[in-house]
Amino acid sequence: MLQQLLTAAITIGIGIAAAFAYFYGSNILIDRMFPGSVPGDRGTRNIRIASAIRPWLFLFPAIFALTLYLVYPVIDSIWLSFHGPSGVKWVGLKNYIWFANNGTIHEALFNNFLWLLVVPAASTFFGLIVAALTDRIFWGNIAKSLIFMPMAISFVGATVIWKFVYDYRGPGQTQIGLLNAVVTWFGGSPQAWITLPFWNNFFLMVILIWIQTGFAMVILSAALRGIPEETIEAAVLDGANGLQIFFRIMVPQIWATIAVVWTTITITVLKVFDIVYAMTNGQWNTDVLANEMYTWMFEGGGDFGRGATIALIIMLLVVPIMVWNIRNANREMGGH
Amino acid sequence: MLSIGGRKSPLIWAVHLSVLLLVVIWTIPTAGLFITSFRTADQISVSGWWTALSSSERNAVARTPDASTAKEVNGKYVVTGNVLQSGGSVAKFGWSSLHPTQYDVGQVAQLRDGTTLTVAKDGTYQWANDKPFSGTRRIFFTAKTPPSFTLDNYVHVLTANGMLRAFINSLTVAVPATVIPILIAAYAAFALAWMQFPGRSLLIAIVVGLLVVPLQMSLIPLLTLYNAIGHATVVPDSSLMGHVLTISGLGLHSDDGKMIGINPKSYLGIWLAHTGFGLPLAIYLLRNYMVGLPREIIESSRVDGATDFQIFRKIILPLSFPALASFAIFQFLWTWNDLLVATVFLSHQQDSLVMTGKLKDLLGSHGGDWEILAASAFISISVPLLVFFALQKYLVRGLLAGSVK
Amino acid sequence: MFSKLLSAVAGLALMAGAASGADLVFKPGAQPDRFHWDSYTQFAKDHANLKGQTLTIFGPWRGQDQTLFENVLAYFEQATGVTVKYSSSENYEQQMVIDTQAGSPPNIGVLPQPGLIQDLASKGFIKPLPDTTKDWLLKNYAAGPSWVTLSTYKDKDGKDKLMAFPFKIDLKSLVWYSPGNFKDAGYTVPKTFEDLQALTKKIVADGGTPWCIGLGSGGATGWPATDWVEDILLRQQPASVYDGWVNNTVKFNDPRIVEAIKTFGWFAKNDKYVAGGTKAVATTDFRDSPKGLFTSPPKCYMHKQASFIPTFFPKGTQLGPNKDADFFYFPPYASKPDLGRPVEGAGTLFFITKDNPAADAFMEFLKTPIASEVWMAQSGFLTPYKGVHLSAYANDVMRKEGEILLNGTTFRFDGSDLMPGKIGAGVFWTGMVDYVGGKSAQDVADNIQKTWDSLKK
């Protein structure tokens, strides 16, 4: 056991050291090869060469890892999407035609649309509120930690938690689900929440909002801290009240970060399948695309063709967000 | 900033109240799980967790020992015992499932088979007959029982064979899988935010696009690739480097110990996998943060002759600490809580199980051991929470205060 | 602090050391009337040349079941000197798909889904077993031909080959009840399906609730209902209809199938017949559902579920006649005597995904009576193997289950496991949930058939 501990420590050390070594080593190397301190034209030329190479030096590990771990699988999936269940037989556009004509998929698309509308907005909103308000109170850090908890809890834990919220027992029986206990306490009749058509989608969304608010809070909180004191003090001197400061000064200042958080959560919504998978597996009209992708890909031996097709469509849905981000990036860097 | 609220006390009260409300709503479900983790499986399935806090009245069933163990008292054969295991008081009892609350405590019930049964308020019962008899009997009773909690779930999880090993394995996966992507992403983000080169906005777009690639999609192509590399690569056996890598578990060896290739299921493989999967978000978040850093500082350093590498190390990195810390928190807890990548890229043998896998192993084949799940959840949450607390101070350091344009 | 940590670590290491010297749970030679020790010694003698080899097995058992299986493995290790590494994972099906597809399979895979095995076999991931194994199954397993059919799959070229070895069977056709509650209310165990329906009505007339039915199972919600339909179908129609149904030569929306679904609905879609009402059926977790038998007053009197369910009875529940819980055979129709006593079951199949001598030896080991008996004696294991001592069963309840298995006139494997994964582990489940939720049996069946058609591309 002690040896294992030691092995683990060495392993961790080697891994991290190797990563550091690359950046230091390569940068020192480039500075040696093209020293800018050489006087005259050669120095200028060296600086120019070095600064042309250096971005790629900085980017290389990232590009390498992204290509290997994400781009390559995407290309593989494009290829798979034109093939049958085991990825051997060429089927042309059949998988896409199936996608376009499948009722379950349409339902999943509609639900996905609901999720995209509600979850990013709600999570960002609550995250922003918490981030802003906890700045002003002495127990802010405790509050933040508690809001952050759902984010840190394992997914397994989260499903059990919500089982004990949405659990349904017949009328007249002891309810062990919190929501039904509250409803019956007020004299209502218990509901099988996750089977209620349409509304059950929202009960599932609540879970993701509950988790993602912690994410939004942490990022936005860091951004809020970055707003210079003077800006706010100036506003205070001008007689602005708390709400005005929040909406007129703080929100515009961190607008870019809000957009980032929104984008990230939107993408999370497109990807997350475990909530739906574990709570309903898409039954009672709660299906979403990611869940369909997962079940087609792995269940019952897997149909890689259809799984890949759904995955690619999910990726297509994100194109508008990509375009918007490029435009943003171009604007930010317009001054360069 | 703190001064704003302080000036207007009604507002600060509103702030306190609304934060409190949010915190309570956010915490109640988790609190439920926490309480659940101290209850037994049987309690969990019959009553809500909130009832565990106060004493509750419930119907229950107890079974007597076999009547052949009856003791003779005053010419009667009596079986005695107590229906309550951990205190409380009995209100009613019965001997038939049809009428479980037929008698008040103290009453003597006449049973169909000629025996008599009585239960006292403290739960002691007497089941008597005139002649020796046999068999057992169920006693139905209604009792008010005090809250009862158990540490058994935690003991069960923590003392499971191999849990410590799984804990170390988890750390071995999570720590480098957090540090490496941050380092790589920080450099890439800096390049994308402050360096000029052709194709920059295209790269940014690709990064955003890659955010949405579902993990599940990558698993099979990657594992196939790993296996292909594993079978093709030949590493000289005698090299010192190879030896070091072997003992440190990087996995540059085959199953039978010979140095013939890269073991597809090794720590190196899983670190790189987590790095790949975590990079898009890391680059996206960090670039966005870095692009907001004050241009004057960077430009003036450039004028002073600092290279980009120096600017990055001496200016960007320290200023980006809040963003680095917040990403570190997330990346750590994703890798810590991950089960999917670990089961695919690490072997699922006992000695290389990570904690999430080990915890899952404690459940029966049919799952649904809520009490174990609950205790496990709180054991595994402790480490990410520690990381959160440790890094939280970097989130609030306000390094940028006063320096942003 | 560090020294404390060290001593704790050392202590744990000691414990681990003690545990790894795994003792055999039953000492070879002990209780000769329960164990065929001769088969163990003979096997050891025949396979003495494997010392030092490694065998990896990947299967569905975790937790308690894993311990039981590892105890069986210990005998194989002891006999051959092979090191066996068993592992499992919560999503073992998905894991199996990924590992085989990516080229890093275990030596031996164990799966309870024939449908998935067929998939792996047709992709060429499974090594066929020798013909001797086929003969062995025909000769030694009760209802041998049905086991051979179950273990035969099409390979890459579409040829039928024996690919898997069935080992460890679960019995589905059981109804669990509390003998005490039956006695209190004066009910007797029904011997025919008609009696079962009459008893159901009588319990309602007496003011009770007859059934606890829970279909909830997270992502797999709905599967318990498929067992109901399959068991009912086997009692309403000849086994040939069942066989046709699982390979879709009898359409899913065939009137005979719809009739079986409706019969399940007779039980489950009547608010008075099920605890909590129909609405609770789909959402109650199947693991929580049986607990209603043991509450005071009882929430229900009967619960139909496979032989594994006692794991989820309240702690301390004793099994057996005159004890807390017992079972009866899900009875056949008196009006259809020619259908005999059909038995529905499920089970796990062992197959070789990466060949090595130890893997071949292990498949031989499974044929020794001792491999079965060690597990039988630990509980949780039923077998149709005629060559084992029935006295090896850990308790009377299991022996009674084992006898049902040996005496069944027809044995059929869980149909939903035989169907393509998308049906048997997909729309069949969701369809049953929809049915309980209010859709008509015909609509549900039509919809399942439509999906099935879409798979045949």
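Residues numbered from 1 in each chain as written. Chains lettered and ligands numbered in written order. Predicted model: local features only at pLDDT ≥ 70, side-chain atom pairs only at ≥ 80, totals over all residues.

Visitor: Help me understand the overall build of chain C in this model?
Guide: Looking only at helices and strands, chain C has 19 helices and 11 strands in total. For chain C, whose C-alpha radius of gyration is 23 Å, the value lies close to the compact-globule estimate of 23 Å for 457 residues. Taken along the three principal axes of its C-alpha coordinates, chain C extends 65 × 55 × 50 Å. By residue count, 53% of the 457 residues in chain C fall in the buried class. Excluding contacts between residues fewer than 6 apart, the proportion of contacts in chain C whose partners are at least 24 apart in sequence is 75%. (Helix = DSSP H or I, 4+ residues; strand = E, 2+ residues; numbered from the N terminus. Rg over C-alpha atoms; globule rule 2.2 N^0.38 Å. Buried ≥ 20, exposed ≤ 12 C-beta atoms within 10 Å, placed from the backbone. Contact = placed C-beta atoms within 7 Å.)

Visitor: Mind showing me how you'd approach the interface of chain B and chain C here?
Guide: Interface size is commonly expressed as the accessible surface area that is lost when the partners come together. With 34 residues of chain B in contact, the opposing surface of chain C contributes 35 residues. Only helix H3 (41–46), strand S1 (56–63), strand S9 (138–145), helix H7 (215–232), helix H13 (340–345) and helix H14 (355–361) of chain B provide two or more residues apiece to the side of chain B that touches chain C. Looking at the side of chain B that touches chain C element by element, the count peaks at 5 residues for H7(B). Looking at side-chain class alone, the side of chain B that touches chain C contains 14 nonpolar, 16 polar and 4 charged residues. (Nonpolar A, V, L, I, M, F, W, Y, C, P; charged D, E, K, R; others polar.)

Visitor: I'm lost on the domain arrangement of chain C in this one. Help?
Guide: Residue and element names in this part refer to chain C. The domain architecture assigned to chain C consists of domain 1 (28–171 + 346–413) and domain 2 (174–343 + 420–455). For domain 1 versus domain 2, the separation of C-alpha centres amounts to 29 Å. Listed by partner, the interface residues are 17 residues for domain 1 and 17 residues for domain 2. Contributing elements (two or more residues each) for the side of domain 1 that touches domain 2: helix H5 (114–122), strand S6 (164–171), helix H16 (396–407) and strand S11 (410–413). (Domains from an automatic or database assignment.)

Visitor: Would you mind going over unusual backbone geometry with me for this structure?
Guide: Across the chain, the bulk of peptide bonds are trans and the bulk of non-glycine residues have phi less than zero. Put simply, C:Ser296 and C:Pro297 share a cis peptide bond, and its omega is -10°. Of note, C:Pro297 is situated in the loop between helix H13 (278–283) and strand S8 (302–304). Phi angles above zero are rare outside glycine, and B:Asn74 is one such case at about 50°. Looking at the element boundaries, B:Asn74 is found in the loop between strand S2 (71–73) and strand S3 (76–82). B:Asn74 gets classed as exposed once you count the C-beta atoms within 10 Å, which come to 6.

Visitor: Would you mind showing me how to read the interface of chain B and chain A here?
Guide: With 106 residues of chain B in contact, the opposing surface of chain A contributes 104 residues. If one sorts the elements of the side of chain B that touches chain A by residue count, helix H5 (residues 163–194) of chain B sits on top with 16 residues. Per-class residue counts for the side of chain B that touches chain A are 74 nonpolar, 29 polar and 3 charged.

Visitor: When you look at helix H6 (residues 155–166) of chain A in this model, what are you seeing that I'm missing?
Guide: For an α-helix the count is 3.6 residues per turn, leaving residues at separations of three or four pointing the same way. Taking 1.5 Å of rise per residue, the 12 residues of H6(A) would be expected to cover 16 Å, and the 16 Å separating its terminal C-alpha atoms lies within 8% of that figure. Across the 12 residues of H6(A), 10 count as buried, placing the element largely inside the fold. (Expected span 1.5 Å × (residues − 1).)

Visitor: Just to check I follow, could you spell out the sheet that holds S8(C) for this structure?
Guide: The pairing of strands in a sheet happens through backbone hydrogen bonds and is either parallel or antiparallel. Residues and elements named next belong to chain C. The strand order across the open sheet built from 3 strands is S8-S7-S9, with neighbouring strands paired in antiparallel fashion. In this open sheet, the two edge strands, each paired with only one partner strand, are S8 and strand S9 (326–329). Adjacent strand axes in the sheet meet at a mean angle of 30°, parallel and antiparallel pairs treated alike. (Pairing = 2+ DSSP bridges. Axes fitted to C-alpha atoms, helices over the stretch in contact; angles between N-to-C directions.)

Visitor: Would you mind going over the packing of helix H6 (residues 200–211) of chain B against helix H9 (residues 267–291) of chain B with me for this structure?
Guide: When two helices pack together, their arrangement is given by the angle between the helix axes and the distance between those axes. All names here are of chain B. Where H6 contacts H9, the axes come no closer than 8 Å and their chain directions differ by 130°. One finds that H6 runs oblique with respect to H9. Where H6 crosses over H9, the two elements pack in a sense that is left-handed. For the pair formed by H6 and H9, the contact residues are Val207, Val208, Leu210 and Leu211 on the first element and Pro280, Leu281, Ile283 and Tyr284 on the second. For the contact of H6 with H9, the residue count by class is 8 nonpolar, no polar and no charged. (Parallel < 35°, antiparallel > 145°, perpendicular 65-115°, else oblique. Left-handed = near helix turned anticlockwise from the far one by under 90°.)

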